[in-house]
Amino acid sequence: MTDGKRRRGLMAASALLGGVMVLSACSGGGDSGSGGDGNKGASQAQVDEAAAKKTSEAQIKITPKGGSTNASINNSATVAVTKGTLTEVTMTTSDGTVVEGEIAADKKSWKPGVQLERATTYKLKATAEDSEGRAAHENASFTTVSQDNSFIGNFTPDDGSTVGVGMPVSINFDKAIANKAEVQKGITVSSSSGQEVACHWFNANRMDCRPEDYWQENSTVTLKLALDGVEGAEGVFGVQQKTVNFKIGRNQVSIVDAETKQMKVTQDGKTVRTIPISAGSPENKTWEGQMVVSEKFKETRMDGATVGFTDDDGKGEYDIKDVPHAMRLSNSGTFLHGNYWGAKSIFGSANTSHGCIGLSDTQGADDPNTPGAWFYDNSIVGDVVVVKNTGDKTIAPDNGLNGWNMDWAQWKAGSAV
């Protein structure tokens, strides 16, 4: 081999070895024969491990889940954190209105300070830190149940009120209830007196609850509505979660005798006053039965046309714009009220009304010494007025708050549970 050929061969070998060395350097070295993929895997594991060390351990949970619809207006929008503490929570409506709320003292939870609205989209942003001060973030958006897909029960009496011994709990639902049993199971009524309470459905929209006999005087009645999420009808859910307490006052029961034309007022079983009255005329008899005062008006208008008493021209047979001391006894228009337009001689001697029970009174409702004013001042919503000897039939139990005209067996038969 000539010197020239030898030099060319050495140069080629050197170049080949140099290439191997370059390739080895780029692959990270090593001689395990595992190749470039294994080395890349090891490198990624190191990157992941380093990233994990920088990630917060705090875990945030928002209820309900993002994207939820038909969410509760009572129990939604709660934020909780484990392995950390909340540092900031912001809740807004879709139009940007901020919803007030508060992080708990231990910084483990947050809830809104107001009840949510129906058919509204809310957005939540939450931030928490773990023990190392590393931040975690969570976001969610949800929509509460719509008006069309929800129902509420409008109830009486009001929370904190004091009522008479005849006052039932009456609930009128704004949607027809098909699943009566499920809805009734979400409603409880109890008394501090220990009296058994039963509920009765008059129709798909109304349920009343009462004991067998009048409430015990000076007791406390509690109504609990646990209807949130209860399906009242297909696709229609309850939204109420509420506790109501009301007091029962003294036991006042007044007995109206249309034959003697007198009303005996009793309190706690003792007669406190007897008042002359004028009940419905022979042509317009007053209903008989046990009636409960459902509303009180110091003055009100009474137009005969609204209850079917009209002249040939279609106008009411009477239209008195300032009836004093009026107390409603039925939904159909039966009142016990003051009367200033009738002669004083009719009270206690003649039945002359269109079905109401009248007491002597003065125009303006400003004389406290009249029988009408006295009875008004000494009556409360829920007091009982028993009407007898009118010659008419007994008032329907659902005409007002008058379920006492149904015996206990009939009443309980109307329960759905």
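All of these numbers come straight from a predicted model, not from anything done at the bench.

## Observations regarding the overall build of the protein
Okay, step 1: When helices and strands are tallied, the protein shows 5 helices and 27 strands.
Okay, step 2: Once local pairs closer than 6 in sequence are excluded, the contacts in the protein between residues at least 24 apart make up 64%.
Okay, step 3: When the accessible surface of the protein is totalled, it reaches about 21,600 Å², and 49% of it is carbon and sulfur.

## Section: the environment of A80
Okay, step 1: By the secondary structure assignment, A80 is in strand β2 (residues 78-82).
Okay, step 2: In this structure A80 comes out as partly exposed when scored by relative accessible area, which is 35%.
Okay, step 3: Each C-alpha atom of the pair A80 and T63 lies 8.5 Å from the other, and the pair is 17 residues apart in sequence.
Okay, step 4: Setting aside anything within four residues of it in sequence, one finds A80 in contact with Q59, I60, K61, K108 and S109.

## Re the sheet that holds strand β16 (residues 231-233)
Okay, step 1: The strand order β8-β17-β16 describes an open sheet built from 3 strands, whose pairing is mixed. In the strand order of this sheet, the two ends are held by β8 (150-151) and β16, each with one partner.

## What to know about the environment of L359
Okay, step 1: As for its placement among the helices and strands, L359 is situated in strand β26 (residues 357-360).
Okay, step 2: Residue class for L359 comes out buried when judged on its relative accessible area of 0%.

## So, the sheet that holds strand β27 (residues 384-388)
Okay, step 1: Read across the sheet, 5 strands follow the order β21-β20-β19-β27-β22 without closing on themselves; strand pairing throughout is mixed. Strand pairing shows two members of the sheet lacking a second neighbour, β21 (270-276) and β22 (289-292), which therefore form its edges. Strand-to-strand twist of the sheet, defined as the mean angle between neighbouring strand axes without regard to direction, takes the value 20°.
Okay, step 2: When strand β19 (residues 252-257) meets β27, the two strands line up parallel, connected through 5 bridges. Bridge pairing in β27 links V253 to V384.

## Some thoughts on the confidence of the model for the protein
Okay, step 1: Across the protein, pLDDT averages 89, with 84% of residues at or above 70.
Okay, step 2: Every residue in residues 1-36 scores below 50 in pLDDT, and together they form 5 contacts with partners more than four places removed in sequence or on other chains.

## Some thoughts on the packing of aromatic side chains
Okay, step 1: In the structure shown here, the tally under the stated rule is 6 aromatic pairs.
Okay, step 2: With a centroid separation of 5.6 Å and an interplanar angle of 20°, the aromatic rings of F173 and W201 are classed as stacked. With a gap of 28 residues between them, F173 in strand β11 (residues 169-173) and W201 in strand β13 (residues 197-201) connect regions that are remote in the sequence.
Okay, step 3: A centroid spacing of 5.8 Å and a plane angle of 75° characterise the contact between F202 and W411, whose relative ring orientation is edge-to-face.

## Regarding unusual backbone geometry
Okay, step 1: The omega angle of the peptide bond from T63 to P64 is 5°, so this bond is cis rather than trans.
Okay, step 2: Mapped onto the secondary structure, P64 falls in the loop between β1 (59-63) and β2.
Okay, step 3: Here the amide bond leading from T156 into P157 is cis, since omega sits at 10°, within 30 degrees of zero.
Okay, step 4: Mapped onto the elements, P157 comes out in the loop between β9 (153-156) and β10 (162-163).
Okay, step 5: Even without being glycine, N218 reaches a positive phi, approximately 65°.
Okay, step 6: On the basis of relative accessibility, which here comes to 62%, the residue N218 falls in the exposed class.
Okay, step 7: In this structure, N389 is a non-glycine residue whose phi angle is positive, near 60°.
Okay, step 8: We classify N389 as partly exposed; its relative accessible area is 38%.

## Regarding the nonpolar core
Okay, step 1: Core analysis: the biggest nonpolar cluster contains 32 residues, and I171, F173, V183, I187, M207 and L223 have the highest contact counts within it.
Okay, step 2: The set of elements that each furnish at least two residues to this core consists of β11, β12 (187-191), β13, β14 (206-211), β15 (220-226) and β18 (241-248).
Okay, step 3: When sequence neighbours within four positions are dropped, the list of residues in contact with I171 reads G153, N154, F155, I187, N205, R206, M207, D208, L223 and L225.
Okay, step 4: Core analysis: the second largest hydrophobic core is formed by 23 residues, I73, V81, M91 and A126 among them.

## Concerning the side chain of N339
Okay, step 1: On the secondary structure map, N339 appears in strand β25 (residues 335-339).
Okay, step 2: Looking at N339, its side chain comes within polar contact range of the main-chain nitrogen of W341, at 3.0 Å.
Okay, step 3: With residues up to four places along the chain from it excluded, the contact list for N339 reads P324, I346, F347, L359, S360 and D361.

## Some remarks on the environment of P397
Okay, step 1: Note that P397 resides in the loop between β27 and α5 (408-413).
Okay, step 2: Its relative accessible area of 19% is what places P397 among the buried residues.
Okay, step 3: Once the C-alpha coordinates of P397 and F202 are considered, the two residues, 195 residues apart in sequence, prove to be 8.8 Å apart.
Okay, step 4: Not counting residues up to four positions away in its chain, the partners in contact with P397 are F202, N402, G403, N405 and M406.

## Observations concerning the pattern of salt bridges
Okay, step 1: Within the structure shown, the criterion is met by 6 salt bridges.
Okay, step 2: Of the charged contacts in the structure, one is a salt bridge between E196 and K412, with a shortest N-O distance of 3.2 Å. Pair noted here: E196 is in the loop between β12 and β13 and K412 is in helix α5, with a separation of 216 residues, a long-range link.
Okay, step 3: Across the pair R206 and D208 runs a salt bridge, and its minimum N-O distance is 2.7 Å. Both residues of the pair, R206 and D208, count as buried.

Basis of the calculations
For every chain, the first residue of its written sequence is number 1, and the numbers climb from 1 along that sequence. In keeping with the model being predicted, local features are shown solely for residues with a pLDDT of at least 70 and side-chain atom pairs are shown and tallied solely at 80 or more, while totals for entire chains, interfaces and linings include all residues. Think of the side-chain values as coming from all heavy atoms in the structure, minus any hydrogens and water. The numbering of helices and of strands both runs from the N terminus, where a helix is a DSSP run of H or I of at least 4 residues and a strand a run of E of at least 2. We call two residues in contact whenever any of their non-hydrogen atoms come within 4.5 Å of each other. Note on areas: these come from Shrake-Rupley sampling with a 1.4 Å probe, and a residue is covered only by the protein chains present in the view. Accessible area is worked out with a 1.4 Å probe on protein chains only. A residue is then buried under 20% of its type maximum, exposed over 50%, and partly exposed in between. Note on pairing: two strands pair once DSSP finds at least 2 bridges between them. Here, axes are lines fitted to C-alpha atoms. For helices the fit covers the stretch in contact, and angles between N-to-C directions go from 0 to 180 degrees. On a range of 0 to 100, pLDDT expresses the predictor's confidence in each residue. Here a pair means two rings of Phe, Tyr or Trp (six-membered ring of Trp) with centres within 6.5 Å. Their orientation is stacked below 30 degrees between planes, edge-to-face above 60, and tilted elsewhere. Nonpolar cores are built from buried Ala, Val, Leu, Ile, Met, Phe, Trp, Tyr and Cys residues. Side-chain atoms within 4.5 Å join them into one set. Polar contacts, as used here, are pairs of N or O atoms within 3.5 Å; protein pairs need one atom able to donate a hydrogen and one able to accept it. Residues neighboring in sequence count only if both atoms are side-chain atoms. Within this document, salt bridges are pairs made up of a side-chain nitrogen of Lys or Arg and a carboxyl oxygen of Asp or Glu, the two lying within 4 Å of each other.

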